[in-house]
Structures are given as structure tokens and as C-alpha cells.
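Spelled out from the first residue to the last, the chains are:
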Amino acid sequence: MSNSLKRGAIGVFDSGYGGLTILKEIVELLPQYDYIYLGDNARAPYGTRSFETVYSYTAQAVEHLFELGCPMVILACNTASAKALRTIQQNDLLEYDPSRRVLGVIRPTVEQLPNISKNGHVGVFATRGTVASSSYPLEIAKLHGDQSFCVSQVACPMWVPLVENNEFSGKGAEYFVKKYVDQLFLLDPKIDTIILGCTHYPLLAPLIAKELPEGVSLISQGETVALSLANYLERHTEMRDRITTGGTLRYLTTEQKDHFAKLAEIFMDSKVCAEHVEFHE
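Caption draft 1: Main features of the packing of aromatic side chains. On inspection of all chains with the given rule, the structure shows 13 aromatic pairs. Between Phe13 and Tyr46, the aromatic rings sit 6.2 Å apart at their centres with planes inclined by 50°, giving tilted as the arrangement. Note that Phe13 is positioned in strand E1 (residues 10-14) and Tyr46 in the loop between strand E2 (35-39) and helix H2 (51-67), a separation of 33 residues in sequence. This pair shows no difference in class: Phe13 is buried, exactly as Tyr46 is. Within the aromatic cluster, the residues linked to one another by ring pairs are Phe125, Trp159, Tyr175, Phe176, Tyr180 and Tyr201. A cation sits over an aromatic face here: Arg43 above Tyr57, 3.7 Å from the ring centre. Taking the ring centre of Phe51 as reference, the NZ or CZ of Lys83 above it sits at 5.1 Å.

The structure is reproduced here in C-alpha cells:
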């Protein structure tokens, strides 16, 4: 077991690049802290992988961030939050170090719904894995009751490739955005609030907004998760005091570091220098 009093950076993990949309908002709101971002880009995407595989990969990444001294890790990935978070929180932390924390992105997003939706009709765009897990409907029912919201989901398998190939503003992106928006409103024309349940999707938000009926709200997770983290650290001063405050950003990737850095700059709007790390199956 690691020294529970050790201080270190906030770890932020994603299967690929999408978690950078979360990291960017967190750093803008809480610039004083140190951060280590880890992208498992070599094994992405996670959205079509089994529960067991996503759990195994995520646990491996979390342990690596713990070994680097992170007292807290944020799973800035909806698929990892859906398929791995609970097992890591309930089982792995007890064995590794109960004083550390692993947080996800689904709960903070769902907590915002009563403040945004006026009629209780909610749509979710997500990966196939997140949709298949029913994590959003289950978390909404858990937090707000079974009768509070009517939830419809659509998997959007083409959106992540569009974003990661830097094609999120062309004709192809417009076609696939319209396709999935139309599918969602066929399921429920009354939807007034949509959750972007994948951290890549904010880069498509301008195109998505153009296709939505007037008055429909989009919940993008970056700001929501950042505010939730700030609130968490205000309430848990013992964790806040364990986070180092040098204002640094460190990027790790399981793929070729220069390729990662080039694409990461699209998400971060700033220069990125990355380090390569290797995980074994």
C-alpha cells in the first residue's frame, strides 16, 4: 500500500483524446493545481469493448497514476465511468489505498438535470458501450427517482472517428450529426435537454446545436465536471491539501507521443509535449 499522506497531482484518465475537453475546463477553473493526463490512445476506442476489458484497462491506468503519486484520479471517459468506476471504487481502492479517490463524469452530469430540463424529457448521445450499459438512465433513476425523467439514448459510433481525424466541421460531420439528431427526436420529440455523453462530442457541439429544435439545451460535461470537482475539493479539505499546487500539466500517452501531441493541441488550444508510456495486456 502506498503512503496515504503522499502529495501529488490530480490524475485525469481517458481512453483517448476526449478527456482533454474535461481537462481543459478543469485547468481553466482550477489552474493552481498540478495535473497528469493519461490517454490510452493505443487501445482506443473503449466504446465497443467488453465490460471486463474496459475495467482491466482502466484499472491499469488508475494504478499507474497512483504510482506517479496522484491522490485522486478523474475518469474523464464516459465508457470507463460506466463500465469500471464502481468496481474500482468498491473493490480496488480498498486493496490499494482507501484514502485515495477515483471519480467519474456521469454522476456530476446527471446532478445538473433538474436545473436545466423543464419537462423531464432527456436525450443522451453516447458511444455504443455507454448506451448498452444504461448508465445514464440508471444514474438518473438513482438520483432523481424512476418517474422524474423520460430518457432516450442514441449511440453515435461515427462521431469519435470524425473528431479524432480532425473532421468535425465538414460535410461528413454535418451528415452524421443530422443522422443521429434525427434518430433521437424520432424516439422522443418532446426532448428539451440533451447530454453529450462522450467527452469527444463537445467539439461537435456547434454542428449539433444547429440541428436542434429551438429551446433544446445541450449539457457539455467539461464545465459541469470542473464545477463538481471544485465543489468536491471545497468539501473535502483533506484531499485538497494532498494536491500539489505548481500549476503544471503533464501528458502521458500509450501511442506515439508526437502524434498524440499534435492532436491534443486541437483540444487544448495550446502547445502540448507528451511522454510515451507502455501497458501490457
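Caption draft 2: Expanded view of the sheet that holds strand E6 (residues 150-155). Reading across the sheet, the four strands line up as E6-E5-E7-E8 and stay open at both edges, with parallel pairing between neighbours. Two strands close off the open sheet at either side, each with one partner strand: E6 and strand E8 (217-219). Pairs of neighbouring strands in the sheet enclose a mean axial angle of 25°, with direction left out of account. Sheet analysis places strand E7 (residues 193-197) next to E8, joined by three bridges and oriented parallel. Each bridged residue has a counterpart across the sheet, and for Ile194 the counterpart in E8 is Leu218. Helix H10 (residues 171-187) contacts strand E5 (121-126), E6 and E7 of the sheet and is inclined by roughly 150° relative to E6.

Caption draft 3: Highlighting the nonpolar core. Membership of the largest hydrophobic core comes to 60 residues, with the highest contact counts inside it found for Leu20, Phe125 and Trp159. It is H10 that provides the largest number of residues to this core, a total of seven residues. The residues touching Leu20, leaving out its near neighbours within four places in the chain, are Tyr37, Tyr251, Phe260, Ala264, Phe267 and Met268. Counting 26 residues, the second-largest nonpolar core is a separate cluster that includes Ile36, Phe66, Ala84 and Val277.

Caption draft 4: Examining the environment of Gly215 more closely. Note on placement: Gly215 falls in the loop between helix H11 (205-211) and E8. The class of Gly215 is exposed, set by a relative accessible area of 63%. In the structure, Gly215 is positioned 77 residues away from Leu138 in sequence and 26 Å away in space, judged by C-alpha atoms.

Caption draft 5: Structural detail: the environment of His259. Along the chain, His259 falls in helix H14 (residues 257-268). Each C-alpha atom of the pair His259 and Ala274 lies 9.2 Å from the other, and the pair is 15 residues apart in sequence.

Caption draft 6: Geometry of the layout of surface pockets. The calculated volume of the largest pocket comes to roughly 1200 Å³. Contributing to the lining of the largest pocket are 49 residues, with Gly104, Val105, Ile106, Arg107 and Pro108 lying nearest its centre. Within the residue set of the lining of the largest pocket, elements represented by two or more residues are helix H1 (19-29), helix H3 (78-83), helix H4 (85-96), strand E4 (101-103), helix H5 (106-111), helix H8 (135-144), helix H12 (221-235) and H14. Broken down by element, the residue count for the lining of the largest pocket peaks at 10 residues, all from H12. Across the lining of the largest pocket, the residue classes tally to 22 nonpolar, 15 polar and 12 charged. What the second largest pocket holds in volume is close to 350 Å³. If you list the elements that add at least two residues to the lining of the second largest pocket, you get H3, helix H7 (128-133) and helix H9 (159-164). Residue contributions to the lining of the second largest pocket peak at three residues, all from H9. Of the residues belonging to the lining of the second largest pocket, the class tally is 10 nonpolar, 13 polar and three charged.

Caption draft 7: Summary view of H8. Residues Ser135, Tyr136, Glu139, Ile140 and His144 constitute the buried set of H8. Buried residues of H8, seen end-on, are gathered within an arc of 125° and therefore sit on one face of the element. Exposed residues pointing more than 90 degrees away from the buried face of H8 are listed as Leu138 and Lys142. Following H8 by one or two positions, Gly145 has its phi on the positive side, about 95°.

Caption draft 8: View of the pairing of E2. E2 sits mainly inside the fold: five of its five residues count as buried. Neither face of E2 is left uncovered, since the one carrying Tyr35, Tyr37 and Gly39 and the one carrying Ile36 and Leu38 both have all their residues buried. Once the chain exits E1 it traverses H1 before rejoining the sheet at E2, and the crossover so formed is right-handed. Bridge count between E2 and strand E9 (residues 249-253): five bridges; the pairing is parallel. The partner of Leu38 across the bridge, within E9, is Leu252.

About the thresholds
- Residues numbered from 1 in each chain as written.
- Predicted model: local features only at pLDDT ≥ 70, side-chain atom pairs only at ≥ 80, totals over all residues.
- Heavy atoms only, no water.
- Phe/Tyr/Trp six-rings, centres within 6.5 Å; stacked < 30°, edge-to-face > 60°.
- Helix = DSSP H or I, 4+ residues; strand = E, 2+ residues; numbered from the N terminus.
- Buried < 20%, exposed > 50% of the residue type's maximum accessible area, 1.4 Å probe, protein only.
- Lys NZ or Arg CZ within 6 Å of the ring centre and 35° of its normal.
- Pairing = 2+ DSSP bridges.
- Axes fitted to C-alpha atoms, helices over the stretch in contact; angles between N-to-C directions.
- Contact = heavy atoms within 4.5 Å.
- Core = buried A, V, L, I, M, F, W, Y, C linked by side-chain atoms within 4.5 Å.
- 1 Å grid on protein atoms, 1.4 Å probe; cavity = no way out; pocket = protein on both sides within 12 Å on 5 of 7 lines; lining within 4 Å.
- Points joined across faces, edges and corners; volume = space filled by probe spheres on them.
- Nonpolar A, V, L, I, M, F, W, Y, C, P; charged D, E, K, R; others polar.
- Arc of directions from axis to C-beta.
- Right-handed = clockwise from strand over helix to strand, strands pointing away.

Just geometry here; none of it tells us what the structure is for.
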